[in-house]
Every structure is written in C-alpha cells, then in structure tokens.
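Below, each chain spelled out in residue letters.
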Amino acid sequence: MAMTGNAKAAGLDRILTLELVRVTERAAVAAARWRGRGDEMAADQAAVDAMRRELNRLPIEGTVVIGEGERDEAPMLYIGEKVGKGSGPKVDIALDPLEGTTICAKNQPNSLAVIAIAEGGSLLYAPDVYMQKIAIGPGYAKGVVDLDASPLENIQALAAAKGVPVNEITACILDRPRHAKLIEDVRATGAALRLIGDGDVAGVIHTTNPDETGIDIYLGIGGAPEGVLAAAALRCIGGQMQGRLVTQSDAQRERAAKMGVKDFDKKFTHDEMAKGDVLFAATGVTDGNLLSGVRFARNGEITTDTVVMRSSSGTVRWIKATHRDLEKFDNEG
Ligand code: VTB
Ligand code: MG
Ligand code: MG
C-alpha cells in the first residue's frame, strides 16, 4: 500500500494509523524509564528523542505545527521542524512527547505520549499560550454546554441531558489558583470535582467514557497546544469541545498573530481546531484511567497500552503491545 504524492481525497493514508502507534509507544517507553525520579527535564528529553527518531522513520513529509516550542527555544520537534522520510503525504503534526512531565516525574496518574496528524493546514496553529476549554463526551446534542455559559448553566444542562441529578456529575479541572472561582462555582452547583495536577489532554479524553473514568465534563484554562491535541482526539472518538485562546501580553499576541491567529477572542469548536481527516494516538506513560502505564517485566519484556484513532472512519483501537528487544532497532535508519 505504498502511497505517493499528497494525501488521498478520502483523507490520510490509513496505513499511517498503525504506524503512529509505534511513535507514541517509543516515546512512552523512553519517558517511563524516568518515572518517579523527580527529573522532569530528563523524562521529557527522553520522550522527545524517541518520538523524533520514530517520526523520522515514517513515510511522510511532515511539519511540526504544535511541538516543543519555537525553534530558538526547542532544539528538537520545534514548530516548523520537518520530520519523516520526506517522501509520502504532506502532513501537519501536533505532538507532546510527554504530556504531563511533572506527573511522570512524580509517578502520578495519566501522563501520556501524544501525537495527532492531519492534512496540511487543517490543525489550528496554536501558540504556546493558555486556552480556556470546555469538553464533554459523545451522545449529547450539539450545544448542550457552552464556553460562555456559567458553570451552573453548563452543569445543570449536562445533568438534564444525561438524565441524572446534578450531584451525579463530575467535572475535571486543573488544580490551579486561577481556577479558585471556577472550582467554587462548580462545587456550589452540587457537582463533584476531580482536581488534577497536570494533564488536561487526558482530562478531556476522559469525558468520552464517564462510566470508566468518572469524568463527565472538563472545564478551565490549560495549554493551547494541549487544547488542539485534545480537539483532535475528540474529532475521532466523539464529543464536543470549545476553546478560546487566552493571551496575557503583547508579546504573546504578537506570537499568536505571527502564527496566523486573526481573532484573539474567537471561540473555536473542536472541529475548527482539527479539520479534515485526523489521526490521533496516545500511549500511557504512568497508569491512568483509560490507559495503563508502561510495564517493564523481569524477563525484559515491555508492555505498552495505546489508543489510536482516525476521524474519517471513527475507528478507535486500543492496542496493548508486548515488546522484546526494543532497543535493538534504535540505530537503524
Ligand atoms: C495543562 C496541562 C499540562 O500545563 O495544559 C497545563 O495539560 C497548563 O499550564 O499537562 P500551567 O501548568 O501553567 O497551569 C500542563 O500541566 C503541563 O504542560
Ligand atoms: Mg511537552
Ligand atoms: Mg504538555
């Protein structure tokens, strides 16, 4: 199924879906070796190196559009970096080799290796600023919740749509001082909270399976790059999300403008942040609510747990893989 030229009319070459698994698996394994060692930088660097090495083995002409930062601050997987073998479809890539570096360093739940791939020009080029976000899982009418509605309105509407009392709704929010008012307002509705230290890509994805994760809605301000990654996931697995950039200085607005953002106050829906055919993969680094962390067995076998999905088909695959002799291939072309 070799493919030449650009992505097909039907979307991206589906063979890339499974190729992506290897990319997040390898990043996750590299990061997992640093779990619980209190060294966020080392964990992140290991994930970045591994992800970049695997990406450069893919038959794509890829451009990193959401990555580790601007070229002058990130030596690898910076925004604009070309990755892949250079032959194959032209794709845009959003990635976070270790989403939740602090979680990994502390060996707490839900750190992930994450990537999304889309046809060129179809991901929002989000600068590294904050984004105000709201997300719920699939099965609800469009517009049940809204970024501009109050927490009370949103939680009540969601509870009614789910057919449960408000006190059976759980909202996931990043535990930050900037969310003091939001946290108070959500508690006042009667809903429960899951306060997380980091990792809002996982937080958003968790809304897609409340029975398993206990999370019905994600609310609050997190990273804009993480917002686009989460939007890509929801495009594939279902659900609704809205996001709005939060710029705090002229310098940030300049950066955003340079990346093509025209309207700073625009409320983006998830399908505006990630258009067209999108592939998304995430591998658990530490144990999480939907994905197990990497396991290192005494016999040398390594087990990884990955979800990989594609928007045009809506296929969601959960892939538990056992790896033997993983490092053997590290130095191949
Ligand atoms: C979130 C979360 C990330 O940053 O985007 C958050 O998903 C927002 O930034 O895991 P602050 O830490 O400044 O609140 C992370 O926690 C770290 O990248
Ligand atoms: Mg990162
Ligand atoms: Mg991150």
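Residues numbered from 1 in each chain as written. Chains lettered and ligands numbered in written order. Predicted model: local features only at pLDDT ≥ 70, side-chain atom pairs only at ≥ 80, totals over all residues. Heavy atoms only, no water.

Novice: Hey, could you run me through the sheet that holds strand E6 (residues 170-174) in this one?
Specialist: Pairing between the strands of a sheet is mediated by backbone hydrogen bonds and can be parallel or antiparallel. Across the sheet, six strands lie side by side as E7-E6-E8-E5-E9-E10; this open sheet has mixed pairing. At either end of the open sheet lies a strand with only one pairing partner, and these are strand E7 (192-196) and strand E10 (268-269). Inspection of the sheet shows E6 paired to E7 by five bridges, in the parallel sense. Within E7, the position partnered with Ile-173 by the bridge is Leu-195. Packed on one face of the sheet, helix H4 (residues 151-162) meets strand E5 (130-136), E6 and strand E8 (217-223) and runs near 140° to E8. (Pairing = 2+ DSSP bridges. Helix = DSSP H or I, 4+ residues; strand = E, 2+ residues; numbered from the N terminus. Contact = heavy atoms within 4.5 Å. Axes fitted to C-alpha atoms, helices over the stretch in contact; angles between N-to-C directions.)

Novice: Please clarify how the UniProt feature "binding site: substrate" (unreviewed entry) in the chain should be interpreted in this entry.
Specialist: Under the feature "binding site: substrate" (unreviewed entry), the UniProt entry names Glu-99, Gly-100, Thr-101, Tyr-130, Arg-176, Pro-177, Arg-178, Asp-198, Gly-199, Asp-200 and Gly-223. Within this annotated set, the largest pocket is lined by Glu-99, Gly-100, Thr-101, Tyr-130, Arg-176, Arg-178, Asp-198, Gly-199, Asp-200 and Gly-223. Along the polypeptide, Gly-199 turns up in the loop between E7 and helix H6 (200-206). According to the relative accessible area criterion, Gly-199 is buried, its value standing at 8%. (UniProt positions renumbered as here; feature names shortened; annotations may be inferred. 1 Å grid on protein atoms, 1.4 Å probe; cavity = no way out; pocket = protein on both sides within 12 Å on 5 of 7 lines; lining within 4 Å. Buried < 20%, exposed > 50% of the residue type's maximum accessible area, 1.4 Å probe, protein only.)

Novice: Would you mind going over the side chain of Thr-207 with me for this structure?
Specialist: Tracing the backbone through its elements, the reader meets Thr-207 in the loop between H6 and helix H7 (210-213). Judged by relative accessible area, Thr-207 falls into the buried class, the value being 1%.

Novice: What exactly am I supposed to notice about empty space enclosed by the protein here?
Specialist: Rolled over the atoms, a probe as big as a water molecule pinpoints where empty space is left. A complete count under the given rule lists one cavity of 30 Å³ or more for this structure. Quantified by volume, the largest cavity comes out at close to 90 Å³. The wall of the largest cavity is formed by 15 residues, among which Leu-112, Ala-202, His-206, Leu-290 and Leu-291 lie closest to the centre. Elements with a contribution of two residues or more to the lining of the largest cavity: H6 and strand E11 (278-284). Among the elements that line the lining of the largest cavity, the one with the most residues is H6, at three residues. In terms of residue class, the lining of the largest cavity is made up of eight nonpolar, seven polar and no charged. (Points joined across faces, edges and corners; volume = space filled by probe spheres on them. Nonpolar A, V, L, I, M, F, W, Y, C, P; charged D, E, K, R; others polar.)

Novice: Would you explain the packing of aromatic side chains in this entry?
Specialist: Pairs of aromatic rings are described using the distance from one ring centre to the other and the angle between the two planes. If you walk through the whole model with that rule in mind, you get zero aromatic pairs. Seen from the ring of Tyr-130, Arg-178 lies directly overhead, with NZ or CZ sitting 4.3 Å from the centre. (Phe/Tyr/Trp six-rings, centres within 6.5 Å; stacked < 30°, edge-to-face > 60°. Lys NZ or Arg CZ within 6 Å of the ring centre and 35° of its normal.)

Novice: Just checking my understanding: could you explain the site of ligand 1 for this structure?
Specialist: Near ligand 1 you find Glu-99, Gly-100, Tyr-130, Leu-174, Arg-176, Arg-178, Asp-198, Gly-199, Asp-200, Gly-222, Gly-223 and Glu-226, and these make up its full shell. The separation between an oxygen atom of ligand 1 and a polar side-chain atom of Asp-200 is 2.4 Å. Within the contact set of ligand 1, an oxygen atom lies 2.7 Å away from a backbone nitrogen or oxygen of Gly-223. Within the complex, the protein chains bury 76% of what would otherwise be the 410 Å² of accessible surface of ligand 1. Placement of ligand 1 is best described as lying within the largest pocket. Grouping the amino acids of the shell around ligand 1 by side-chain chemistry returns two nonpolar, four polar and six charged. (Near = heavy atom within 4 Å. Polar contact = N/O pair within 3.5 Å; in protein donor to acceptor, adjacent residues only side chain to side chain. Areas by Shrake-Rupley, 256 points an atom, 1.4 Å probe, with all protein chains shown as cover. Sits in = over half its atoms within 2 Å of the grid points.)

Novice: Even after reading the chapter, I still don't get the layout of surface pockets, so can you show me in this structure?
Specialist: Taken as a whole, the largest pocket holds about 600 Å³ of empty space. Together, 30 residues line the largest pocket, and Asp-96, Glu-99, Asp-128, Gly-223 and Glu-226 are the ones closest to its centre. Put simply, the parts of the chain that give the lining of the largest pocket at least two residues each are strand E3 (90-99), helix H3 (101-106), E8 and helix H8 (224-237). With four residues, the single largest contributor to the lining of the largest pocket is E3. Split by residue class, the lining of the largest pocket holds 11 nonpolar, eight polar and 11 charged.

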